[in-house]
Amino acid sequence: MTGLRVETGPAHAALLGVGAYRPARVVPNSEIVDAIDSSDEWIQQRSGIRTRRWADDSETIVSMSVAAAQEALQHAGLDARQIDCVIVATVSHLLQTPSAATAVAHELGTDQAAAFDISAACAGFCHGVALANDMVRAGSAGYALVIGVERLSDITDPTDRGTAFIFADGAGAVVVGPSETPGIGPVVWGSDGEHYDHIRSREDWRDVLSSEEPRMPHLAMKGNPVFRWASYSMAKVAQQALDRAGVTVDELDCFIPHQANNRITDAMARAMRLPSSVSIARDIVDAGNTSAASIPLALHRMIQEGEARRGDLALLVAFGAGLSYAAQVVVVP
Ligand SMILES: CC(C)(COP(=O)(O)OP(=O)(O)OC[C@H]1O[C@@H](n2cnc3c(N)ncnc32)[C@H](O)[C@@H]1OP(=O)(O)O)[C@@H](O)C(=O)NCCC(=O)NCCS
């Protein structure tokens, strides 16, 4: 029997470019509070959020993804035709099929690329980076685009006190490609399906269609258990990602957790005993929780504001519905 020939890629992969798209419309807490009997002060104190962005009709999942991807390609010095795979992480692409990624690849002008969506909620971007890292190193893609994008304003109930002030819209993208030195550390990922229903769509499409009143299956969240799970368990996952990458907290430059709640970020930083030299992402203050888009948006802001510099070591840790999570250390492009 003849054995199959197998291929491998370069020894290392890295993030080569980062891009972002933030919708034009800024929504302050004052626009939200009346419908949920809340206050600007309560929202800022409990979550850190001051404003968020909501997309208008022209700012679609595809258009926001394309804009973020084009900036990431430019940052990487690449042409879209060099991309072999487009991965879109999202839970708010409301067309069941085909994937948003195929439309994004087409709009970018890379029709030959493999293209697919992944559903890992707020952990989707870090799942995508892990997949792209493995693809490049295995030789199945020369360059891959990973995009996190959401229009959560479409699936958030404006009268729900537990979610209306949290969720928001935007897109962030990275290019992953070959590197002379390691640029993406081992992923630590998993899921805790016992808490499958802590964050979920209220209903599936069959429930909606069998009802008398047409309605959107909005997101529902058990905020307090999610808060405790994230604050307690995610610092351990983050520490494991550091250990697997052989990086100590003293060597770390940036901490970029999923932008879910500033108090969760504080709890993780305390539990990991991050030294004050580590820059901590606080994009949530003016972006809200953009689920799969939150980490690339936060990374992009930190680069723009000089808090993350080329060659810095950044710890990414993402968590959300499922409950699913993924963390890795990356070198800032
Ligand atoms: C949503 C969240 C901010 C709520 O904060 P919390 O401290 O857990 O709030 P609780 O639900 O325990 O409610 C505490 C009090 O605030 C009140 N409250 C709840 N929502 C409120 C709102 N939007 N405005 C004003 N008061 C509110 C409650 O009625 C309760 O009042 P009481 O003490 O008089 O009974 C917090 O649970 C959270 O951030 N969870 C994680 C969310 C998250 O990360 N999600 C994404 C993961 S991907």
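Residues numbered from 1 in each chain as written. Predicted model: local features only at pLDDT ≥ 70, side-chain atom pairs only at ≥ 80, totals over all residues. Heavy atoms only, no water.

Undergrad: When you look at the packing of aromatic side chains in this model, what are you seeing that I'm missing?
TA: How two aromatic rings sit relative to each other is given by the distance of their centres and the angle of their planes. Under the criterion given, the structure shown has two aromatic pairs. Ring plane angle 90° and centroid distance 5.6 Å describe the contact between Trp42 and Phe165, whose orientation is recorded as edge-to-face. Note that Trp42 is positioned in helix α1 (residues 40-47) and Phe165 in the loop between β6 (144-151) and β7 (169-179), a separation of 123 residues in sequence. Arranged with centres 6.3 Å apart and planes meeting at 75°, the rings of Trp229 and Phe319 form a pair that is edge-to-face. You can see Trp229 sitting in helix α6 (residues 223-245) and its partner Phe319 sitting in strand β13 (residues 313-320), a full 90 residues away along the chain. (Phe/Tyr/Trp six-rings, centres within 6.5 Å; stacked < 30°, edge-to-face > 60°. Helix = DSSP H or I, 4+ residues; strand = E, 2+ residues; numbered from the N terminus.)

Undergrad: Can you help me understand the sheet that holds strand β4 (residues 85-89) in this one?
TA: Hydrogen bonds between backbone atoms are what pair the strands of a sheet, whose relative direction is either parallel or antiparallel. Strand order in the open sheet formed by five strands is β1-β7-β6-β4-β5, with mixed pairing between adjacent strands. Of all strands in the sheet, those with a lone pairing partner are β1 (12-21) and β5 (114-118), marking the two edges. Each neighbouring strand pair of the sheet contributes to a mean axis angle of 20°, computed without reference to strand direction. Where β4 meets β5, five bridges bridge the pair, whose relative direction is parallel. By the bridge assignment for β5, Cys85 is matched with Ala114. Running over the sheet, helix α9 (residues 294-304) touches β1 and β7 and is turned about 85° from β1. (Pairing = 2+ DSSP bridges. Axes fitted to C-alpha atoms, helices over the stretch in contact; angles between N-to-C directions. Contact = heavy atoms within 4.5 Å.)

Undergrad: What exactly am I supposed to notice about the site of the ligand here?
TA: Of all residues adjacent to the ligand, which total 23 residues, the nearest are Ser38, Arg46, Arg161, Asn224 and Asn261. In this structure, a nitrogen atom belonging to the ligand sits 3.4 Å away from a side-chain N or O atom of Trp42. Contacts to the ligand include Asn224, whose side-chain N or O atom sits 2.7 Å from an oxygen atom. Looking at the shell around the ligand, the elements with two or more residues in it are α1, α6, α7 (262-271) and β13. When residues of the shell around the ligand are assigned to their parent elements, the largest contribution, four residues, is made by α6. Within the shell around the ligand, the residues separate by chemical class into twelve nonpolar, eight polar and three charged. For the shell around the ligand, the domains that each give at least three residues are domain 1 (12-179) and domain 2 (188-331). (Near = heavy atom within 4 Å. Polar contact = N/O pair within 3.5 Å; in protein donor to acceptor, adjacent residues only side chain to side chain. Nonpolar A, V, L, I, M, F, W, Y, C, P; charged D, E, K, R; others polar. Domains from an automatic or database assignment.)

Undergrad: Teacher, can you tell me more about the domain arrangement of the protein here?
TA: Assigned domains of the protein: these are domain 1 (12-179) and domain 2 (188-331). Of note, the centres of domain 1 and domain 2, computed from C-alpha atoms alone, are 14 Å apart. Each side of the interface is counted separately: domain 1 has 51 residues, and domain 2 has 42 residues. Of the roughly 3700 Å² buried between domain 1 and domain 2, counting both surfaces, carbon and sulfur atoms make up 63%. When the buried area of domain 1 at its contact with domain 2 is split by residue, Arg22, Cys122 and Cys126 rank highest and sum to 18% of it. At the boundary of domain 1 with domain 2, the tally comes to four salt bridges. Where Arg202 meets Asp157, a salt bridge forms, and the shortest distance between an N and an O atom there is 3.1 Å. Along the contact surface separating domain 1 from domain 2 lie 20 residue pairs in polar contact (both at pLDDT 80 or more). (Buried area = accessible area lost by both parts, 1.4 Å probe. Salt bridge = Lys/Arg side-chain N within 4 Å of Asp/Glu carboxyl O.)

Undergrad: Teacher, can you tell me more about the environment of Ala55 here?
TA: Along the polypeptide, Ala55 turns up in the loop between β3 (51-54) and α2 (61-76). In sequence terms Ala55 and Asp154 are 99 residues apart; their C-alpha atoms lie 9.1 Å from each other. With residues up to four places along the chain from it excluded, the contact list for Ala55 reads Pro23, Met64, Arg151, Ser153 and Asp169.

Undergrad: Mind showing me how you'd approach the nonpolar core here?
TA: Generally speaking, nonpolar side chains in soluble globular proteins are found buried as a group. Membership of the largest hydrophobic core comes to 37 residues, with the highest contact counts inside it found for Leu15, Phe125, Val174, Val176 and Ile256. In terms of domain composition, this core takes at least three residues from each of domain 1 (12-179) and domain 2 (188-331). Within the second largest apolar cluster, 30 residues are counted, among which are Val226, Met234, Ala238 and Met272. (Core = buried A, V, L, I, M, F, W, Y, C linked by side-chain atoms within 4.5 Å. Buried < 20%, exposed > 50% of the residue type's maximum accessible area, 1.4 Å probe, protein only.)

Undergrad: Explain unusual backbone geometry here, please?
TA: Note on backbone geometry: most residues besides glycine have negative phi, and most peptide bonds are trans. Note the cis peptide between Thr97 and Pro98, where omega equals 5°. Mapped onto the elements of the fold, Pro98 is located in the loop between β4 and α3 (100-108). At the junction of Gly322 and Leu323, the peptide bond is cis and its omega measures out at -15° in the coordinates. Non-glycine residue Ala121 carries a positive phi angle of around 50°. You can call Ala121 buried: its relative accessible area is 10%.

Undergrad: Explain the state of the cysteines here, please?
TA: The bond known as a disulfide is covalent and runs between the sulfur atoms of two cysteines. All chains considered together, the criterion is met by zero disulfides. Free of any disulfide, Cys254 has its nearest cysteine sulfur in Cys126, 14 Å distant. Accessibility expressed as a relative area gives 0% for Cys254, which makes it buried. (Disulfide = S-S within 2.5 Å.)

Undergrad: Is there a simple way to think about the pattern of salt bridges in this case?
TA: Charged atoms that come close allow side chains of opposite charge to pair. Following the criterion strictly, the structure yields 13 salt bridges and no others. One salt bridge connects Lys222 with Asp197, and the closest N-O pair in it is separated by 3.2 Å. Separated by 25 residues along the polypeptide, Lys222 in the loop between β10 (219-221) and α6 and Asp197 in the loop between β8 (188-191) and β9 (199-201) bring together distant segments of the chain. Taking the relative accessible area as the measure of exposure, Asp197 reaches 33% and is therefore partly exposed. Here Arg301 and Asp283 are joined by a salt bridge, their closest N and O atoms 2.3 Å apart. On the criterion of sequence distance, the pair formed by Arg301 in helix α9 and Asp283 in the loop between β12 (279-280) and α8 (284-287) is long-range, its members being 18 residues apart. What makes Arg301 partly exposed here is its relative accessible area of 22%. Judged by relative accessible area, Asp283 falls into the buried class, the value being 3%. Because the salt bridges share partners, they merge into one network encompassing Arg22, Asp283, Arg301 and Glu305.

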